[in-house]
Structures are given as C-alpha cells and as structure tokens.
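# Examining the three-dimensional arrangement
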Amino acid sequence: MAEWDASLDHIIPSSVLPPFWAKFLVGFASLVCFARSYDGDFVFDDSEAIVNNKDLRAETPLGDLWHHDFWGSRLSSNTSHKSYRPLTVLTFRMNYYLSGGFHPMSFHVVNIALHGGICVLLVDVFSVLFGGLQYTSKGRRLNLAPRSSLLAALLFAVHPVHTECVAGVVGRADLLGALFFLLSFLGYCKAFRETNKEGTHSTFWVLLSILLGAVAMLCKEQGITVLGLNAIFDILVIGKLNVLEIVRKVLRKDRSLESPGMLRTGGLLFRMTLLALGGAGVLYVRWKIMGTGPPAFTEVDNPASFADSVLVRAINYNYYYSLNAWLLLCPWWLCFDWSMGCIPLIKSVGDWRVIALAALWFCLIGLIRQVLCSEDSHKRRILTLGLGLLIIPFLPASNLFFRVGFVVAERVLYLPSAGYCMLLTFGFAALSKHTKKKKLIAALILGILFLNTLRCVVRSGEWRSEDQLFRSALSVCPLNAKVHYNVGKNLADKGNQTAAIRYYREAVRLNPKYVHAMNNLGNILKERNELQEAEELLSLAVQIQPDFAAAWMNLGIVQNSLKRFQAAEQSYRTAIKHRRKYPDCYYNLGRLYADLNRHVDALNAWRNATVLKPEHSLAWNNMIILLDNTGNLAQAEAVGREALELIPNDHSLMFSLANVLGKSQKYKESEALFLKAIKAHPNTASYHGNLAVLYHRWGHLDLAKKHYEISLRLDPTASGTKENYGLLRRKLEQMQKKNV
C-alpha cells in the first residue's frame, strides 16, 4: 500500500501527516461544514421524535424507554414504527434535562460534536482499511497509509449527504450508530493488537466488539452490520484469504479447496462462529422486543414494494440504488423527503431511466471483476473492504430482507458514504500513479473538497428552519405531495391561510388519496366558514381512511357548525371509537351537548377530557362557565379550584373562578385572582371589565371607574362595559350632587 499512498504525496503535504494534525484538520473541516446549523430550530421529524415525545420528560420512567419505539409509542402497538433506538432517545432525554427544556441549540451542538468525533475516528479506521494491521516491536500499530486515510476522512467530513444526519436532530440515531459501529471495528482490530502474534487473538476484544455492535444497533438498526464488516476484514486481512487463488482453483476444480488452510490457523473459524452467534443472538432479541412483527407501511411510503410484478419491483429497487449512488457521487440535489410521487415508478424496461440501472451495474461489475481477478493483492483487499463498507451498512435499507418505509433516505447513506470515500480515494491514488498530470488531479480533489464544503454550508442553512427546508425541496421534488403539504402546513402555522390553501390543494392534486392534506385543508376552510367544501373534503378523507380519528373529529366540528347535530355526534363517537384516549374530541363533543342544552352530557364529556388530559384548560373552563351560568356556584367553585391546582398559572382559569367567587360575594379572593390574571395578560379588556364589575358590586367605585376606563381603552366596542360604565358615572354624579 505504501506505493499507492505515496502517489498522493503531491496532494497531501507531509506537514499534516502526523496523527494529531491529521485528526485536527479533519475535525476542523467537519466543524466548518455544519457549524451553521448550531442555532437551528427543531424541524420536520424533530417535532414528533423530540418535542412531542413523552419519553424525554422526567415524569416518564426510564424503564419505559426499553418498551417504546423511537417516537414514544409502545412497541406492542400495531401502529408502532418498530424503530427501536432506546440509547438515542436516552441521549435526547439527557439533552432535555441538562439544557432545562426543549432548547434546540444544545441538541444541535451535540450532533455537530458527534459528527466531528466520527470523522476523527475514521482517520484510524481508514488507516487500518488501507494499510492493514502491522506493528512495531513495541506493539504500536503502524499507519502505512497516512495520506490515503487523511484524504478519505476529509472527503467523508465534508460530504453534503450527511447534512440531514448532522443538522436534523433525529439524525443523531445515525450518528450514534456510526460511532459505535466504528468503535466496534477498532475493538475488533484491538483483538489482534493485544497479542501481537500471528494466528492468535484476544477473545475479550472480539466479545467486546460484538457488544459494541449491539450497542450500535440500539442507537440505529443498521449498527449491527458492523459484524459483517469485521468478518470480511478478518478473512481478508488477518486470515489473508487470496480471492484470486480461490477463483482459479474453483475454475480448475482443484481438490485442495476442500480443506483450506486458513480455517486451520489463527482461530478464524472460532472468531467467525463468535460473530455469527453474537449477531444471531442480538437479532433474535431485537425481533422478540418488536412484539407484533414488522411495521405496516403504506403504498405512498414505498410504492415499488407494493408492485404486483416481481420484475417491476426489481427494476425499481435497482433504480433506487442508482439514485443513492448518484447522491454519493453528486450530492447537489438533496431533499428532506423522497416519497409521494417524488420518484415515479418505472413500469416497463422501455423507460429511459433504466440507463441508470445499467450504469450502476456496469460500475459494480467492473469493481467486482477487479476484486476477483486483479493480480495486485493490495488492490483486491482495498476494493473488497471499500465495497464491504459501502454495501453492508446499506443492506437494511435495500428492501432485500424486508420492506422499508421510504424510497430514498439521505440519512441511511451516512455509514455507506465512508465506503464510497474509501473507493474514491483509492481511485484518485490509482489515477495519480498512472498519470503525469498530478497537478490536475490535485486541483480536482481540492475542487471537490471546496465545492462539497460550500454545499454543506448552504444545506446546513436550509436545515435551520422548516420554511427554508421545505421550500428548498420544491425545486428538487416538485411532484412530491408531501413537500407541498409541509410548505402549506408551515404557512398555515404562520397564519398565511390563503397561501397554505394553494399548497394543500396542490398536494391533494398530486396525491388524490392524501388524507392528511385533505384534513388540514378542510380545517382551514372550516375556519373561513367555507363549510360545504370542508365537509366534502373531510368526508372523502374518512372514506379513504375509515380509522382517521382526527378527520372524524373535524368532520363533527363542521357538521356541528352546519347545525347537523345528530351527524356531528355520530362523527365524534366514531373518532373516539378509533382513538379511545382523545381528549380534544371529548371536548368538542361536550360543546355539541352544551349547544343542545344537554348539560349533564356536556359536563361528563368535558370531565372525560380532563381525565385524559389534566392540563386541558378549555375543558376545565367550559365546565366552570356552564356551572356558573346554570347557577351551580358551589360546584363551579369546586371545579375551578381543582383546575387551578392542576394548572396554577392559567390566567383564563383564574378569570373564570374569579367571576364565580365574585357572584358568591367572596370579593377579596375574587379580586386577588382578577389581579393575578391581569398581571399575566394586562391587555385583555374583559379582565379589566369584569374586575370593574366586581369593584362596582363591592362599592369600590373609584377602582371600578379606573378599570372600566382601561377596559374601554383596550376595547371601545364592548357594549356591556359601556353600559356598566354609564351606570357607574350616573351613580357617581348623583353622589356628587348629594354631597353638594
């Protein structure tokens, strides 16, 4: 390898070759690329995996993390995603605890630091993969490929396809999985460093490597594939298997293959048995934990896997592989989501995109031919290890063993990209060795590093906010309904309903069965009082997906607004049937009953809402107000006090209870609650107006006058306040005349 590595001497200066400076340079490059994302928001999947994940909160027992999936759902649930990553969730929980809440900066900083640490580790990993395991007489490992390992690590550090993993907080699963993957590999290498005698190994380090592989899997599923890389490394580097010689013997039907010497030396068979048993054991435990079997994905998640024809499935899977290869080769078109029509199915061999499949397999066959037939043993070993590092970690995402829930996902390329960088570095070394235009090659490499760094910086900026992230995808995947849906949702959250409607309509046009887009569009139309179209959309959504509880609830709200009370009640009941713990639906059902003067039913519905969600302020408020309006002041007071014990800082509850206490002539306590509510929200006119009424009843007329005036200044159109203020002024005038 020294000859291949030396061919890069005109590109990598000798001053950066000492280990410390090489690792410093790689770590610094990784920081430059992704530092821009340090103050970004929680975006896309971060909301579900972090902000809405109860497993991060202190009140959730730590033991629950081992029974829940990555998103906080129970693994035994039929709706669970089955992504079992408890160690990643544990780091999120530590982030939440140490930063005192959901502060995105601390989460992003950890991701950036993890990527930097992985890049630094890769300098050592690449030095082993390129240069093999050789030691000094004192047992120190020699780095026989300092230039190659540094260049490959730099190419990895600045690869733009990593942006999703580093800038998106949920990408920490891939980062942690990669970290323990590399530690497992280096631990396996340590098994041979400890003995420093050919043919022997340290069983402790082999077992520790298997354990680290299991830890990697508890961070991200593909982490377990490190055992496959360890096996290939052991066979090629430690066992010194000569692939070319075996191929020749197979072709000649040589009988010496029946008892290859490699199995009799070095304990190779013992180590392979340990790796196989360890991997099988870990996978068995993982399968048992999953409980109900693999997750159920829909056709929009992975349309090729639902194709009836085996040929169509095979063609499209291979096309997806070629797209992944293209993202590694030219990471300029990046998108946060590649599903929902972003990549239309190839339905016949006449589709021009089949050319991409041919190009991919042409390259792969060329590499495999070199692996099998090259006379250069170093070249065969490096190409085999590079292909192994590229392909093996990608296998769980390949659809070969089970259906996956995506078409293309940039995050799953984090580890495979290390194999790509290794192959690319070897290609540059080979090119440099066989050409005299070394400066041109140096300029090409520097250009790639510069352009990739620039692309990382730009892409990191796009991941800082959902608005930039979603809009950046419109030019890459204009046919992706989910992209239009997310842009619309982001606009709706900002209050721009007109623009949101346009994007929601486009999402439904691109995917006529997109029930979530229909639901959100129906909600906006409901708020704009376009009730007929809202009802049509929501009815279609529940027709397409009968168990869509949120759409049933929203349909009930629309039907209630249309005075179709019986249909509304049925819709609410259907929503609760499909989602038993649905406090918002109980709240809306209570409102329906209140409109129908079914007061007992309304109170029961709101009580159910507060049992399921004790902090449901609106349900508590409606109970207090209904009891107040029906003259049940004692019961209203009891409910108000109960609510404030659970939600002590809710100013609307303070206001409602203060009204009840005022009517019960508990003026002092009522005043204290009014003032507390006003302190929390000083510009709410009704708070000042009702406090003025309290003072009016109480006889504190000057204070009443003051708060009437503040209330009318905040809301000059409040007729009730105007009327009460007029009564107070007349009373003050009469008192003044009487005094005169």
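Quantities reported herein were computed from a predicted structural model and do not represent experimental measurements.

## Regarding the pattern of salt bridges
This model, assessed by the stated rule, comprises 25 salt bridges. Arg271 is paired through a salt bridge with Asp234; the nearest N and O atoms lie 2.5 Å apart. Of the two residues, Arg271 sits in helix H12 (residues 268-290) while Asp234 sits in helix H10 (residues 226-238), which places them 37 residues apart along the sequence. In this structure Asp234 comes out as buried when scored by relative accessible area, which is 0%.

## Remarks on the domain arrangement of the chain
Each assigned domain of the chain is listed here: domain 1 (19-255 + 263-290), domain 2 (309-434), domain 3 (480-563), domain 4 (581-681) and domain 5 (685-739). Taking only C-alpha atoms, the centre of domain 1 and the centre of domain 4 are 53 Å apart.

## Regarding helix H29 (residues 651-663)
For H29, spanning 13 residues, the distance from its first C-alpha to its last is 19 Å, which sits close to the expected 18 Å at 1.5 Å a residue. Counting buried residues along H29, ten of its 13 residues qualify, which places the element largely inside the surrounding structure. For H29, the full list of buried residues reads Leu653, Met654, Phe655, Ser656, Leu657, Ala658, Asn659, Val660, Leu661 and Gly662. Residues of H29 that are buried make contact with helix H27 (617-629), helix H28 (633-646), helix H30 (667-680) and helix H31 (685-698).

## Looking at the UniProt feature "repeat: TPR" (unreviewed entry) in the chain
Per the UniProt entry, the sites bearing "repeat: TPR" (unreviewed entry) are residues 481-514, 515-548, 583-616 and 685-718 in this numbering. Spanning residues 481-514, this segment combines 79% helix with 0% strand, and its end C-alpha atoms are found 8 Å apart. Taken end to end, residues 685-718 is 82% helix and 0% strand, and its first and last C-alpha atoms sit 9 Å apart.

## Considering the nonpolar core
Ranked by size, the top nonpolar core spans 204 residues in total, and within it Ile118, Phe126, Leu129, Phe185, Phe233, Phe336 and Ile343 carry the most contacts. It is helix H5 (residues 104-131) that contributes the most residues to this core, twelve residues altogether. Setting aside anything within four residues of it in sequence, one finds Ile343 in contact with Tyr319, Tyr320, Leu323, Trp338, Arg353, Val407 and Val408. Counting 13 residues, the second-largest nonpolar core is a separate cluster that includes Val89, Phe107, Val170 and Ala173.

## Some thoughts on a nonpolar patch on the surface
Taken together, Trp326, Leu329, Trp332, Trp333, Phe450, Leu451, Leu454 and Val458 make up a surface patch of nonpolar side chains, about 840 Å² in accessible area. If you list the elements that add at least two residues to the nonpolar patch, you get helix H13 (310-329) and helix H17 (438-462). For the nonpolar patch, the element with the highest residue contribution is H17, accounting for four residues. By the element assignment, Leu451 lies in helix H17. Its relative accessible area of 43% is what places Leu451 among the partly exposed residues.

## Observations regarding the state of the cysteines
Taken as a whole, this structure holds one disulfide when the rule is applied. No disulfide involves Cys335; its nearest neighbouring cysteine sulfur is the one of Cys477, lying 4.0 Å away. Not part of a disulfide, Cys363 finds its nearest cysteine sulfur in Cys330, a span of 14 Å. What makes Cys363 partly exposed here is its relative accessible area of 47%.

## Considerations on the packing of aromatic side chains
Using the criterion set out here, one finds 25 aromatic pairs in the structure. Consider the rings of Phe92 and Phe107, whose centres lie 6.4 Å apart with planes at 45 degrees: the pair is tilted. Note that Phe92 is positioned in helix H4 (residues 86-99) and Phe107 in helix H5, a separation of 15 residues in sequence. Counting every residue linked through ring pairs, the aromatic cluster contains Phe42, Phe70, Trp71, Phe92 and Phe107. Lying across the ring of Trp332, Arg455 places its NZ or CZ 5.5 Å from the centre.

Reading the values: the criteria
Residues numbered from 1 in each chain as written. Predicted model: local features only at pLDDT ≥ 70, side-chain atom pairs only at ≥ 80, totals over all residues. Heavy atoms only, no water. Salt bridge = Lys/Arg side-chain N within 4 Å of Asp/Glu carboxyl O. Helix = DSSP H or I, 4+ residues; strand = E, 2+ residues; numbered from the N terminus. Buried < 20%, exposed > 50% of the residue type's maximum accessible area, 1.4 Å probe, protein only. Domains from an automatic or database assignment. Expected span 1.5 Å × (residues − 1). Contact = heavy atoms within 4.5 Å. UniProt positions renumbered as here; feature names shortened; annotations may be inferred. Core = buried A, V, L, I, M, F, W, Y, C linked by side-chain atoms within 4.5 Å. Patch = residues over 30% accessible without salt bridge, like charges linked within 9 Å, V, L, I, M, F, W, Y side chains within 5 Å. Areas by Shrake-Rupley, 256 points an atom, 1.4 Å probe, with all protein chains shown as cover. Disulfide = S-S within 2.5 Å. Phe/Tyr/Trp six-rings, centres within 6.5 Å; stacked < 30°, edge-to-face > 60°. Lys NZ or Arg CZ within 6 Å of the ring centre and 35° of its normal.

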